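# Structure assessment
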Amino acid sequence: MFGLCKQLTKLGCAALLCAAPLGAFAQTTAQSAAVEAEEISTVFVFNRICYARMPDVQSVGQMAVEFAWRDLEQADLKAFETGGQLDVLDGWDAQIGKRAYRVAVSQGPVTENQLSLFPDFSKGKATNCTFILDGLDSPGVVADDMQVLAGKQPVSKDVPEGDLKTTTWAGGNDDVKVFLIYKSADESGGLINVTVLTK
C-alpha cells in the first residue's frame, strides 16, 4: 500500500484513496506511457514526492535537501498561499532526471472554506502538496495515471476554472479527509495537488 495509507491507518483510516498497490500503478503507467527508459512518469514522481508522504511535510523538505532542489523565492511562494494562516510554506524547483517540476508544501489551520464543508475539523490541520507540471505530458496520460493512483472514480471531472479543467477525487472518514486534484490545460501543463485534513 502507499505510504499515505500507512500514515492514515495510524489515524484510524480504513479505505481512502489507497486502493491501488504501487506495483500495479507502476506497471499500468509503464504500459500506458509506452515511452523510452529515460522518460519519467509524472504521476509516479508525484506519488513518491507528495501523495505518499502527506501529511508529513518535513519529509518533503528532507528530500529537497538531499537532492539539492532550489528553494523558491518568497515572491514565488505566494502563489501557493491558501488564503489563511500557514505554519509551513516551502517550495522548490526540483530536477528529476531530465524533467523539471515545481513542488510546494503548506500546512496550517483548516481554512474557512473547508470548515464550511467540514465544521468538525475546526481544530484540525490542512496539509497541501502541490506539483506544478513542466508541460511535457499529455493531459490524457496524466489523467489516466491519476485515475490509477486514486483507485476510485472522481467526485467531479473536468470542471472549468479559467483556462484549466479540474478533476477531484475524495475519500476519508470522520477523522481524516483526503482530496486528490488534477488541474489540466488543453494541451499540456497544469498541476497536481493532494490535500489532507486531519483533526
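Residues numbered from 1 in each chain as written. Predicted model: local features only at pLDDT ≥ 70, side-chain atom pairs only at ≥ 80, totals over all residues. Heavy atoms only, no water.

## Section: the overall build of the protein
When helices and strands are tallied, the protein shows seven helices and eight strands. Sorting the 199 residues of the protein into buried and exposed places 44% on the buried side. In the protein, of all internal contacts separated by at least 6 residues, the share reaching a separation of at least 24 is 56%. Here the protein has roughly 10,200 Å² of accessible surface; of this, 51% comes from carbon and sulfur atoms. (Helix = DSSP H or I, 4+ residues; strand = E, 2+ residues; numbered from the N terminus. Buried < 20%, exposed > 50% of the residue type's maximum accessible area, 1.4 Å probe, protein only. Contact = heavy atoms within 4.5 Å. Areas by Shrake-Rupley, 256 points an atom, 1.4 Å probe, with all protein chains shown as cover.)

## Quick notes on the sheet that holds strand S8 (residues 190–198)
The sheet built from eight strands is open, its strands ordered S1-S2-S3-S4-S8-S7-S6-S5 with antiparallel pairing. What marks the edges here is a single partner per strand, and that holds for strand S1 (70–71) and strand S5 (156–161). Both strand S7 (residues 176–184) and S8 contribute to a ladder of nine bridges, which runs antiparallel. In the sheet register, Leu180 faces S8, and the bridge partner there is Val194. Most of the contacts of helix H4 (residues 57–66) go to strand S3 (residues 99–109), to which it runs at about 150°, and overall it touches strand S2 (88–96), S3 and strand S4 (125–132). Packing against the sheet, helix H7 (residues 139–150) makes contact with strand S6 (164–172), S7 and S8, and its axis sits at approximately 170° to S7. (Pairing = 2+ DSSP bridges. Axes fitted to C-alpha atoms, helices over the stretch in contact; angles between N-to-C directions.)

## Considerations on unusual backbone geometry
Look at the link from Met54 to Pro55: it is a cis peptide, with omega at 10°. Along the chain, Pro55 turns up in the loop between helix H3 (42–51) and H4. Of note in this structure, Ala68 is not a glycine but carries a positive phi near 55°. Structurally, Ala68 is set in the loop between H4 and S1.

Don't take any of this as a statement about function, it's just geometry.
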